[in-house]
Every structure is written in structure tokens, then in C-alpha cells.
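Here is what each chain is made of, one letter per residue.
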Amino acid sequence: MLNDKFDLESLDLIFNRMIKTIDESKNDIFTISEQSRKTFDEMKLELEQVRSKIKEVILENDVLEKKSRLSRTRLAEVSKNFNIYSEAEIQKAYDQANKIQIRYSILQAEERLLRDKRDDLERRMRSLLDTIERADHLVSQVNVVLNYLTVDLKSIRPALENAKMREDYTMKIIEATEEERKRISREIHDGPAQMLANVLLRTDIINRTYQERGIEKALLEIVELKGMVRDALHEVRRIIYDLRPMALDDLGIVPTLKKYLSSVEEYHQGTKVYFQSIGEQTRLDSKYEVAIFRLVQECVNNAIQHGKSHQVWVKLESCKDFINISIKDDGIGFNPQTTKQNSFGLIGMKERVDLLGGEMNLNSVEKQGTRIMFKIPIKTK
């Protein structure tokens, strides 16, 4: 008994040290990723400046090339008729042609250097982007391992009887959670965070515009800045809405679904979503409204992203003791009998419906679309 206790304490010590080391490694990877992102953003700004400078040099080169042709023509004329031109005029023509040629050569060399710098920046940015993606993927994998170790292995003894099923189910939940976190992180980074970074950059431009070009030009920049801030706010609200629509608590399921499906059409051009609500619109218990919204959201997302649908029909029928939900699409469909590794979304919907004591029916044929129907017993508020 004492030996068992000693062994367990030793195992806990080793386990905790391992967790700490993995967590520290994850933080180091995250730091590398953030530093790479910062460097990438700086290089992106520098690349824009280099490209702008290349355009300026090319324009000046074009102008100098024309001047160079004219100066050479003038020099040839003076040289051919030196007897009718004074020595001062000949010297002036020569100096002007030489000056233009020197400037032209300098600009050509500068253009070559700028192009080399541009190519080098683009190459380094591609490498940095690859590093960032690898770091993000590695952090996601480490998070899965950490969650698995801290959540599942600490209770390993009670789980031994059903270890295989528990492992698979837990890993799928963790992976799904991490993928969702990763998606939200990317949306925030590529959307609001990027927009706010551009806002900061734009404020510097406004200040420089005011000093160099006056208040009118600066005011025009401020108008554009206002639009950028409005877009950033719109993106933040969209992300919050995807996490949990606040209208669900205030308005109920039908108005919230109308608003959500309308936003789906806005963000997926070329996709038409038809919504039909039948029966009296009564407020439901919060857990039913959230469940119905998530079921519709999951089905519509699957129809667009996986089914490649162009048209989706959503019908909500409110009866006295239950609600019928039907989501139909014209997508590529699939074989429901084939078990796929990525079918965890369907499993999750089935679990949600089972918890509510409802029914779920799935009909799908390859190249003929998919239809999912739910029947959920409800309690009104």
C-alpha cells in the first residue's frame, strides 16, 4: 500500500513536470509566432513603400529617357554645325546631355536595387508566413495534447473500462474546440486586428498629409479613416454574432434566424437562403432557442462550405408541443452510409437533439443535395 502511494506521488510529480514543460514550450512557440507576425507586418509596410518608390523611379526614368533623346539630338546638331554655335553653347549642350545621362544611369541602378529589395522582401515574407502557419499549427497540436493530458489522463483509472471510446470522443471534442478557437483567432487577426493596425498607420498618414498638403486633404483622409473604423466595428459585431447572437435573448428565435440567414447571404455572394416560418411565434425556453439556432447554423454552414450549395431552404414550423425544422440544399450531397472522419458535426447535432428528447432525420444523395429534419418537443416560456 505504501509502495502504491509512493508510486502514484512520483507519477504525479513527473506528470506535473511534463505538463509544465509542454506549457512553457507552447508559450515559446506562441512568442515566436507573434514576433513573426510583427516582423511580417513591418515587412509588408516596407514592401508597399518599396513598390511605391519603384513606380516613382520608373516614371522619372521615362521622363529622363525622353529628355535624354532630346539632349542627344541637340548635341548631335551642335556637333555637326559647330561653326555656327559658340563654344559656350556647345559646352552647355554637352554638359546637359552628360548630366541627364548620369542621372538616368543612377536611376536605372536604383531601380535594379529596389527590384532586388522587393524580390527579397517577398521571398522573406513567404518564408515568414510559412513559419507563422507552422507555429499556429504546432500550438494547436500542443493545446490538444495539453487538454488531453490535463482533462483525460488525470482520471485514467476510472476510465480504463471504456478507454478507447473515451479517448476518441474526448479527442474529437478537443480538436473541434481548438479548430473553432483557431478559426476565431484568425478571423480577429485578419479582420478587426488588421483593420485597427491600418487605422494606426492611417493616423500617421493624416498627420503627414496635414503638415505637407494642408487641412483639406487631411479631412479627406479622416473621412476614409472613419469608413475603415466602421468596417472594423462591423467585423467585430459579426464575430460576436457568430459566437452568440444577442438578438436571441431580446427578440426570440424567428427574428434572430431571419437576421442570421440574411447575413449569410451577404457574406456568401451567389448563395440564396429562403426562410419560412409557420405557426404562432411564441418565446421558448432559452435552451430550446439556443439549440434550434445552433442546429440551423450548423446545417446552413455545412450546406455552403461542404455541400457547395447555391440555394438553401430553411423552414421552421411551430406547433403546440413541438417544433419541426427542415433544412434543404441543392449541393453535391453525400452518402450517409459512409462513415467519414469529418462527420463529427453530424454526431454533435445528433447529441444535441438527443439531449432535448427530439428526433433527427437525414436524407442525402450524391449530386442531388441534402435534407435534414428535426422534431423537438418544446416548452414555452
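Quick note: structure is the one above.
How each quantity is defined
- Residues numbered from 1 in each chain as written.
- Predicted model: local features only at pLDDT ≥ 70, side-chain atom pairs only at ≥ 80, totals over all residues.
- Heavy atoms only, no water.
- Helix = DSSP H or I, 4+ residues; strand = E, 2+ residues; numbered from the N terminus.
- Buried < 20%, exposed > 50% of the residue type's maximum accessible area, 1.4 Å probe, protein only.
- Core = buried A, V, L, I, M, F, W, Y, C linked by side-chain atoms within 4.5 Å.
- Contact = heavy atoms within 4.5 Å.
- Salt bridge = Lys/Arg side-chain N within 4 Å of Asp/Glu carboxyl O.
- Phe/Tyr/Trp six-rings, centres within 6.5 Å; stacked < 30°, edge-to-face > 60°.
- Lys NZ or Arg CZ within 6 Å of the ring centre and 35° of its normal.
- Pairing = 2+ DSSP bridges.

### Digging into the environment of Phe334
- With respect to the element layout, Phe334 can be found in the loop between strand S3 (322-329) and helix H8 (344-355).
- Judged by its relative accessible area of 21%, Phe334 is partly exposed.
- Along the chain, Phe334 and Glu366 lie 32 residues apart, while their C-alpha atoms are 4.6 Å from each other.

### Considering the nonpolar core
- Of all hydrophobic cores here, the largest spans 34 residues; its most connected members are Ile292, Val296, Val300, Ile325, Phe374 and Ile376.
- For this core, the elements supplying multiple residues, two or more each, are helix H6 (253-267), helix H7 (286-305), strand S2 (311-318), S3, H8 and strand S5 (369-377).
- Top contributing element to this core by residue count: H7, with 11 residues.
- What Val300 contacts, discounting residues up to four positions off in sequence, is Tyr260, Leu261, Val264, Val312 and Val314.
- Counting 15 residues, the second-largest nonpolar core is a separate cluster that includes Leu47, Val57, Met125 and Leu128.

### Structural notes on the pattern of salt bridges
- Counted by the stated rule, this structure contains 13 salt bridges.
- Its salt-bridge partner being Glu60, residue Arg103 comes within 3.0 Å of it at the nearest N-O pair. In this pair, Arg103 is assigned in helix H2 (residues 87-152) and Glu60 in helix H1 (residues 2-80), connecting sequence segments 43 residues apart.
- With relative accessibility at 33%, the residue Glu60 sits in the partly exposed group.
- As a salt-bridge pair, Arg283 and Glu289 come within 3.0 Å of each other at their nearest N and O atoms.
- Residue class for Arg283 comes out partly exposed when judged on its relative accessible area of 26%.
- According to the relative accessible area criterion, Glu289 is buried, its value standing at 3%.

### Examining unusual backbone geometry
- The phi dihedral of Lys308 falls on the positive side, at around 55°, and the residue is not glycine.
- With respect to the secondary-structure elements, Lys308 resides in the loop between H7 and S2.

### Here we look at the packing of aromatic side chains
- Counted by the stated rule, this structure contains 2 aromatic pairs.
- A centroid spacing of 5.3 Å and a plane angle of 65° characterise the contact between Tyr260 and Phe293, whose relative ring orientation is edge-to-face. A residue pair is termed long-range when its members are at least 10 positions apart, and Tyr260 in helix H6 and Phe293 in helix H7 qualify at 33 residues. Side by side, Tyr260 and Phe293 carry an identical accessibility label, which is buried.
- Plain terms: the ring middles of Tyr274 and Trp313 are 5.7 Å apart, the flat faces sit at 15° to each other, and that makes the pair stacked. Of this pair, Tyr274 sits in strand S1 (residues 272-278) while Trp313 sits in strand S2, and the two are 39 residues apart along the sequence.
- You can call Tyr274 partly exposed: its relative accessible area is 33%.
- Positioned over the ring face of Trp313 is Lys328, at 5.8 Å from the centre of the ring.
- The ring of Phe322 carries the charged tip of Lys375 above its face, separated from the ring centre by 4.5 Å.

### Examining the pairing of S3
- Two strands pair when backbone bridges link them, and S2 and S3 are joined in this way by 7 bridges, in the antiparallel orientation. The residue of S3 that forms the bridge with Ser318 is Ile323.
- Here S2 hands over to S3 after 3 residues, the two strands then running antiparallel side by side.
- Pairing of S3 with S5, which is carried by 7 bridges, proceeds in the antiparallel orientation.

### Observations regarding the pairing of S5
- Of the pairings in the sheet, the one linking strand S4 (residues 359-365) to S5 comprises 7 bridges and is antiparallel in character. Residue Met360 lies in a different strand from S5, and its bridge partner there is Phe374.
- The turn joining S4 and S5, which pair antiparallel and follow one another in sequence, is formed by 3 residues; a positive phi near 70° is taken by Lys367.

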